[in-house]
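Chain and residue survey
Each chain is listed here by its residues.
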Amino acid sequence: MLHRSVLPLVLLASAASGWAAVPPDHAAQMMKGVELFNRDVAKLLTEHCVKCHGGEKGTKGGLDLATREALMKGGDEGVSIIPGKSAESLLVRSIRHEEEDIKMPKKADKLSDADIAKIAEWIDLGAPYGKPLIEGKVTRDASLVTDADRAWWSFRPLAKVTPPVPERNPIDGFIAAKLQEKGLAPAASADRRKLIRRAYFDLIGLPPKPEQVETFVSDATPDAWEKVLDALLASPHYGERWGRHWLDLARYAESHGYEQDYDRAHAYHYRDFVIRALNEDLPYDRFVQWQIAGDELAPDNVEAWKATGFLAAGTHATQITANQAEKERYDELDDMAATIGTSMLGLTVGCARCHDHKFDPIPAQDYYRFISTFTKTVRSDRDLEVKTAEFGERHAAWTQAHKPLAKALEKWERRESPNRFETWWRERKANSAAPALPQPAWLSLKAEQLNVGGPYYAITKHERQPDDSYLVTVTAGTPDTYTFTAKVPLAGISALRLEGLADKRLPGYGPGWSTGGGFKMKEFTAKARVPGREEFALKLADGQTEWDVPDFTATDWTKVFRLAEPVTLGDGSTVTVTMKFDGDFDRRNIGRFRLAISSDAAPAETAEAFPLKDFLAATAESRGADRPANDGALARLFRTCDPAWQQLAGAVRDHARTEPRPELVKALVSSEGIPAVRLHTQGPDFYDETFQLRRGDLKQKQEPAKPGFLQVLSRAPEQRWQTPQPAGTRTLGRRAAMARWITDADDGAGQLAARVIVNRLWQHHFGRGLVATPSDFGTQGDKPSHPELLDWLASELIRGGWRLKPLHKLMMRSETYQQAVEATPEVLAADPQNALFTRRQRIRLEGEVLRDAILAVAGTLDRRLFGPGSLDAAMSRRSIYFQIKRSQLPPMLVTFDAPDTLGSLGLRSSTTVAPQALLLMNNAQIRSSVRAWAKTLAAQPADAVVSRAYLVALGRPPAQDESAAAGEFLRTQTASYQAAGKTDAAELALTDFCQSLVSLNEFVYVE
């Protein structure tokens, strides 16, 4: 189980990841640790330690072991334990007598090796307590958030800041003020060729073409730089570049993870939403809101639905036994909450799962109220309507054509049918030889009892429709058995008919519940009960009762089951039909169906059915002396058996089948009240309540957690963000309330959310954030290097309607952004980490950008946007369109530090290892690309080849010595290939030269 809760007690922070590293199985370890504590460790600590450290002799050395909270504070000697690292923990070293001055227990024998091993194992598991070692011993109530807690810089309201140098770009004013305090000067401005290359890689992740570089270099107009920025921000590739940054935070992948790692065929729509939203400069507050509750806030917007794929992007166990189901569900809730916390709020919310957060004012109670928001939220593959405008036009045309057909039928029923019926009725009463009571070919059944269920925790409901059909709605699980019982007081029946009816409320407008609207019935049986007889089976003439209706047909289907021999029933009789479907953890059950019976020897399969209940009523009316009403059951029966009515009704029915259907796209979304994606799961998809768990232990459930928010970020009653939902509403509006709270810049978490996102923009533009730990703005994260600048930028974001593109432009127009990378030794010594932004940070291209850049300079890049991804490593589209399968990540991207997608990642590592250089020299796709590039270059005049190659790859002409060295290399390499008998020696030599260019540090780094 790869659980991504963040353990706040791991003290080793990773500069590469941007927040504290934690074990992936944190919850499981803590549970195991509690068991070990209760069984052995508590007794050992009580017998050998607590007397002097928290008991009757006080807290010697300032160390109190009575509670975990006190233990974690340490003593006079400093931190006593490091959870997960027993060998480095002072407590273990002291009881092992590895510390000469601190050998414990004092004045007593050393503990046995076995006892020491138990304590060490307990610390490695996180050192959880089952209960205090001294009854009644408590520390400060961390469940209460105080004004002192809210005094931490990131929890405070945004400061009202005035830029220090009004006549300059405000960013430069803030940076310059800090430099002046330190007596430092900024670096010089970057060369224009480097500057445009920087801008292209920053904003669209692709290198500029030589012509674009030369145009900028030669443009002396004051707005030359602004024109470059405007063009790049308007480029569709902007969303691809910045979408990749967000996908890191969203732990985006297109498979479930774990051992089986099944694919998520429809997950890519979330990736496409992110790209579109950024390209359109969707306000960031709405961007955040839709990812939490787009289906609730904008239910008619297909993009808002796709946005909820954010909640579904985490790992998902696919082999869940019944006794694991509840634990796995809490893990899923934790994944949603923890990812929202780190990505949007820069807080390690997940640390409060097993205990009150050790460092930040996030009580466990707040954590469980937070995750309770998602109690019934499930991931689902849902059909979404696209191109609604075009569909509206087509449907309007169809409606116009349908009106005269329906009107003709209505006119006949109103004018012709009553006269015909009255004539027939008079003749029948006056003459026994007159036409008999009409006999429909099929009589549709009304269920006295309908049970839908199955072994996989199916949650369904069924509703009878006006045409005697039944619509089965599935919200969870996999129903596989339907049992339908109806009264059938007839003389006899000869056949049964099952219809699967297309319905827009079902997947793919089909009659079934499979992904594309099909179903697979593996057994159809029927039995009858006649008063005075034992229940008996109705033997079917054809023993083959399986029925497999394919996906994506969106039409009605009919199957007739003839009886081997007609059976006589009569008053008080019932028929029970049982349908079994091929579930196998995948819904293959019918969605809308109608059952009918026939007494005919050979009934027409497609003949219109008449309701059995109305037929019985018509039969009773036909025996009466008085003329029944024209709208009575007998009149309706007579009408439907009239050839003229059948012709008119048939025209209406046939035209109805041509009703346009909207274009549907199936996307992975998250919501409530819709069927969950279900694989090999024996438990329910969700539970009705989320409980607060003591120590995160399912065996220690406390009261149900009421949905709520983090106290430390709330400055108004929670009702401010909650909107009561009407009765019967599919969702409860809980996620919408959270979405409003998280972006409320007045009384909710909006000011922190603004700080976090502007810091992320700064980080990607400048190489490090104003807060160097971009996903941890809590007390264990770094404080901002320029707090006034951060708050001013966050305020600008909010004032500007939460739009990100103006902030990009503001940052990139600053002199700070346009600095060169070079700095004096004095500056390097005074600002080694570039925390003061004395210069431009050297930034290596991420794996995706490096790969895309190679394809771009080679001319082999396919720039098509959107759509399904590919697992083919040789794909020529941009790397963001790889299918991200967790067990099969693209090798080149992994080599260059792409994320593992198991958790939200705010800052990638940037390693330097030999496989990176080897990949550039030996990768088949790189070789293929540079060979294509070599063929293009070969068409250039011989004396221009080297110069053109440098301009394409590096954005600059070669220096004289580089040109000479390249010419010599091409000559000697061509001769070498010729000596080896290669007929394409010159092309191979040029290919080698091109490959050497894309392997240069100057190519691999932005500059």
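Keep in mind it's a predicted model, so treat the numbers as computed, not measured.

**Topic: the overall build of the protein chain**
Along its length, the protein chain carries 32 helices and 21 strands. Its C-alpha atoms give the protein chain principal-axis dimensions of roughly 120 × 90 × 65 Å. Considering the protein chain as a whole, with its 1007 residues, one finds that 56% of them fall into the buried category. Taking the intrachain contacts of the protein chain between residues at least 6 apart in sequence as the baseline, contacts between residues at least 24 apart amount to 73%. In the structure as shown, the protein chain presents an accessible area of about 42,600 Å², 51% of it carried by carbon and sulfur atoms. A distance of 2 Å separates the average location of the 129 positive side-chain charges in the protein chain from that of its 133 negative side-chain charges.

**Here we look at the pattern of salt bridges**
Across all of its chains, the model carries 74 salt bridges by this definition. Across the salt bridge formed by Asp-468 and Arg-464, the nearest N and O atoms sit 2.5 Å from each other. Of the residues examined, Asp-468 reaches a relative accessible area of 2% and is grouped as buried. Residue class for Arg-464 comes out partly exposed when judged on its relative accessible area of 37%. Across the salt bridge formed by Asp-654 and Arg-657, the nearest N and O atoms sit 3.1 Å from each other. Since its relative accessible area comes to 43%, Asp-654 is described here as partly exposed. On the basis of relative accessible area, Arg-657 is assigned to the exposed category, the value being 51%. Linked by salt bridges that have partners in common, Asp-467, Arg-497, Glu-499, Asp-503, Arg-505, Arg-592 and Arg-594 make up one network.

**Thoughts on the side chain of Asp-334**
Here Asp-334 shows up in helix α14 (residues 325–345). Buried charge without a partner: Asp-334 forms no salt bridge, and the closest opposite charge is Arg-353, 4.1 Å away. A distance of 2.5 Å separates polar atoms of two side chains, one belonging to Asp-334 and the other to Tyr-367.

**Here's the deal with the packing of helix α21 (residues 750–766) against helix α22 (residues 787–799)**
With their axes 9 Å apart at the nearest point, α21 and α22 run at an angle of 105° to one another. If you check the angle between α21 and α22, you find them roughly perpendicular. Along the contact surface, α21 presents Ala-754, Arg-755, Ile-757, Val-758, Asn-759 and Trp-762, while α22 presents Leu-789, Leu-790, Asp-791, Leu-793, Ala-794, Leu-797 and Ile-798. The class makeup of the residues in the contact of α21 with α22 is 10 nonpolar, 1 polar and 2 charged.

**Things to note about the packing of helix α7 (residues 210–218) against helix α29 (residues 945–954)**
Relative orientation of the contacting elements α7 and α29 amounts to 80°, with a least axis distance of 8 Å. By the angle between their directions, the pair α7 and α29 is classed as roughly perpendicular. Listed contacts from α29 to Pro-210, Glu-211 and Glu-214 of α7 are Arg-948, Leu-951 and Val-952. Classifying every residue of the contact of α7 with α29 by side-chain character gives 3 nonpolar, no polar and 3 charged.

**Topic: the environment of Asp-113**
Mapped onto the fold, Asp-113 is located in helix α4 (residues 113–124). Its relative accessible area of 61% is what places Asp-113 among the exposed residues. Considered as a pair, Asp-113 and Arg-96 are 17 residues apart in the sequence and their alpha carbons are 8.3 Å apart.

**A short note on the nonpolar core**
Trp-246 and Leu-793 are the most contacted members of the largest nonpolar core, which totals 122 residues. If one sorts the elements of this core by residue count, α21 sits on top with 9 residues. The next biggest cluster of nonpolar side chains, apart from the first, holds 51 residues, and it includes Ala-486, Val-530, Leu-595 and Ala-618.

What counts as what
- Residues numbered from 1 in each chain as written.
- Predicted model: local features only at pLDDT ≥ 70, side-chain atom pairs only at ≥ 80, totals over all residues.
- Heavy atoms only, no water.
- Helix = DSSP H or I, 4+ residues; strand = E, 2+ residues; numbered from the N terminus.
- Buried < 20%, exposed > 50% of the residue type's maximum accessible area, 1.4 Å probe, protein only.
- Contact = heavy atoms within 4.5 Å.
- Areas by Shrake-Rupley, 256 points an atom, 1.4 Å probe, with all protein chains shown as cover.
- Lys, Arg positive; Asp, Glu negative; His and termini not counted.
- Charge placed at Lys NZ, Arg CZ, Asp CG, Glu CD.
- Salt bridge = Lys/Arg side-chain N within 4 Å of Asp/Glu carboxyl O.
- Polar contact = N/O pair within 3.5 Å; in protein donor to acceptor, adjacent residues only side chain to side chain.
- Axes fitted to C-alpha atoms, helices over the stretch in contact; angles between N-to-C directions.
- Parallel < 35°, antiparallel > 145°, perpendicular 65-115°, else oblique.
- Nonpolar A, V, L, I, M, F, W, Y, C, P; charged D, E, K, R; others polar.
- Core = buried A, V, L, I, M, F, W, Y, C linked by side-chain atoms within 4.5 Å.

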